[in-house]
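Residues per chain are reported as follows:
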Amino acid sequence: MIGIKFFFRAIKQMLESLPVILEIQELDMKMIRLMNIKKQRRNESYKVQQELDDVVHKTVGKDEHIALTRKDLRILEAQITDVNMRIEKAEAKQNSIKKVEEFNAITGEITSAQREKTRLESQASEVTDRLVTEEESIQDLKNEVKRVQETSKSLQKELTVAIEEINREGNLLQKERAILATTANHDLLQIYERLLHNKKDRVLVAVENRTCSGCHIVLTAQHENLVRRCERPVFCEHCARLHYWKVEEEAVAGDVAVKRRRKK
Ligand SMILES: [Zn+2]
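Residues numbered from 1 in each chain as written. Predicted model: local features only at pLDDT ≥ 70, side-chain atom pairs only at ≥ 80, totals over all residues. Heavy atoms only, no water.

(A) Examining the overall build of the protein more closely. What the protein contains, in helices and strands, is six helices and four strands. Secondary structure elements of the protein, listed N to C terminal, follow the sequence α-α-α-α-β-β-α-β-β-α. For the C-alpha atoms alone, the extent of the protein along its principal axes is close to 140 × 40 × 35 Å. Split into buried and exposed, the 264 residues of the protein put 31% on the buried side. Intrachain contacts of the protein at a sequence separation of at least 6 include 73% that bridge at least 24 residues. With the model as given, the accessible surface of the protein reaches about 18,700 Å², and the carbon-plus-sulfur share is 54%. (Helix = DSSP H or I, 4+ residues; strand = E, 2+ residues; numbered from the N terminus. Buried < 20%, exposed > 50% of the residue type's maximum accessible area, 1.4 Å probe, protein only. Contact = heavy atoms within 4.5 Å. Areas by Shrake-Rupley, 256 points an atom, 1.4 Å probe, with all protein chains shown as cover.)

Shown next as structure tokens:
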């Protein structure tokens, strides 16, 4: 019998801690919100950094491509010079030739060299056009790099300030929580923390209108009675949150309100 009495007393003590756990829960919710903001800010900065990497990568690629195009153009120009020399030589040779067959053969050579020259020149002109376009687009890319660099820099500055502020707030919350935790029932706090760890959301929730205010599923009358009697911890059978009964709290709040009105 003593054992059972002790057991019920322990449970009672545990449940008396519910209001403290509720306070701790509000601090934890603030902390979760803070950490989410921190994560969001970090993601923003990470995205801009990625954008910067991308555009720098593109610029480097474009630079390499332009170098290759310039090389192509130099090769074509060398080929054109070469053909020109061949034509000049052939023409010089032709001047000193007397035989018709030889003269005609050299004319044929010159004609085909001139055709080659035309082809090379048209290629060179195409490559030159391409080079102009590429040089324009690399200028655009370089401007883009500058723009993203500036955005990244100012965002980084903002982020540093924001994170410092978040850490400061977080530290205050942690201190406040640590003080509250010393006054809470250890077993109940452990139950609460385990649930919180799983859900990352409010886990100590009121039963209102016979509904779990965590998952919003309607509960049985029997379940509601168990919560109201507050003799043992009662968990939502749908979402596993721990239930508490709010009426008492409202009554207390009501009393305070009445007292306040009387004071006035
Ligand atoms: Zn529920």
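(B) Spatial organisation of the coordination of the zinc ion. With distances of 2.2 to 2.3 Å, the protein atoms coordinating the zinc ion are Cys212 (SG), Cys215 (SG), Cys236 (SG) and Cys239 (SG). A residue is classified by how much of its surface remains accessible, and Cys212, at 0% relative accessible area, is buried. Owing to a relative accessible area of 4%, Cys236 belongs among the buried residues under this scheme. (Donors = N, O, S within 2.8 Å, 3.2 Å for Na, K, Ca; no water.)

(C) Inspection of the packing of helix H2 (residues 18-95) against helix H4 (residues 186-199) at higher detail. With their axes 11 Å apart at the nearest point, H2 and H4 run at an angle of 30 degrees to one another. Between H2 and H4, the angle is such that the two are roughly parallel. The handedness of the crossing between H2 and H4 is right-handed. Listed contacts from H4 to Leu18, Ile21, Ile24, Gln25, Asp28, Met29 and Ile32 of H2 are Leu188, Leu189, Tyr192 and Leu196. (Axes fitted to C-alpha atoms, helices over the stretch in contact; angles between N-to-C directions. Parallel < 35°, antiparallel > 145°, perpendicular 65-115°, else oblique. Left-handed = near helix turned anticlockwise from the far one by under 90°.)

(D) Focus on the pairing of strand E1 (residues 204-208). Burial analysis of E1 places four of its five residues in the buried class, the great majority of the element. As paired strands, E1 and strand E4 (residues 242-244) are joined by three bridges and run parallel to one another. Directly across from Val205, in E4, lies its bridge partner His243. Examined bridge by bridge, E1 and strand E2 (residues 211-212) share two bridges and lie antiparallel to one another. Paired with Glu208 across the two strands is Thr211, which belongs to E2. The hairpin turn running from E1 into E2, its antiparallel successor, is two residues long, and Asn209 in that turn takes a positive phi close to 50 degrees. (Pairing = 2+ DSSP bridges.)

(E) Looking closely at the packing of H2 against helix H3 (residues 100-183). For the pair H2 and H3, the least separation of the axes is 4 Å and the interaxial angle reads 165 degrees. Put simply, H2 runs roughly antiparallel to H3. Between H2 and H3 lies a crossing whose hand is left-handed.

(F) A look at the domain arrangement of the protein. Domain annotation of the protein identifies domain 1 (1-17 + 185-264) and domain 2 (26-184). Here the C-alpha centre of domain 2 lies 63 Å away from the C-alpha centre of domain 1. Across the boundary between the two partners, domain 1 contributes 10 residues, which contact eight residues of domain 2. Both sides of the domain 1 and domain 2 interface together cover about 680 Å² of buried area, and 52% of this is carbon and sulfur. Along the contact surface separating domain 1 from domain 2 lie two salt bridges. Where Arg177 meets Glu193, a salt bridge forms, and the shortest distance between an N and an O atom there is 3.1 Å. The tally of links between domain 1 and domain 2 comes to four residue pairs in polar contact (both at pLDDT 80 or more). (Domains from an automatic or database assignment. Buried area = accessible area lost by both parts, 1.4 Å probe. Salt bridge = Lys/Arg side-chain N within 4 Å of Asp/Glu carboxyl O. Polar contact = N/O pair within 3.5 Å; in protein donor to acceptor, adjacent residues only side chain to side chain.)

(G) Fine view of empty space enclosed by the protein. Tallied over the full model, the rule gives two cavities of 30 Å³ or more. Considering only enclosed or pocket space, the largest cavity measures out at about 40 Å³ in volume. Every residue lining the largest cavity is listed: Leu15, Leu18, Val227, Cys230, Arg232, Pro233, Val234, His243 and Tyr244. Across the lining of the largest cavity, the residue classes break down as seven nonpolar, one polar and one charged. (1 Å grid on protein atoms, 1.4 Å probe; cavity = no way out; pocket = protein on both sides within 12 Å on 5 of 7 lines; lining within 4 Å. Points joined across faces, edges and corners; volume = space filled by probe spheres on them. Nonpolar A, V, L, I, M, F, W, Y, C, P; charged D, E, K, R; others polar.)

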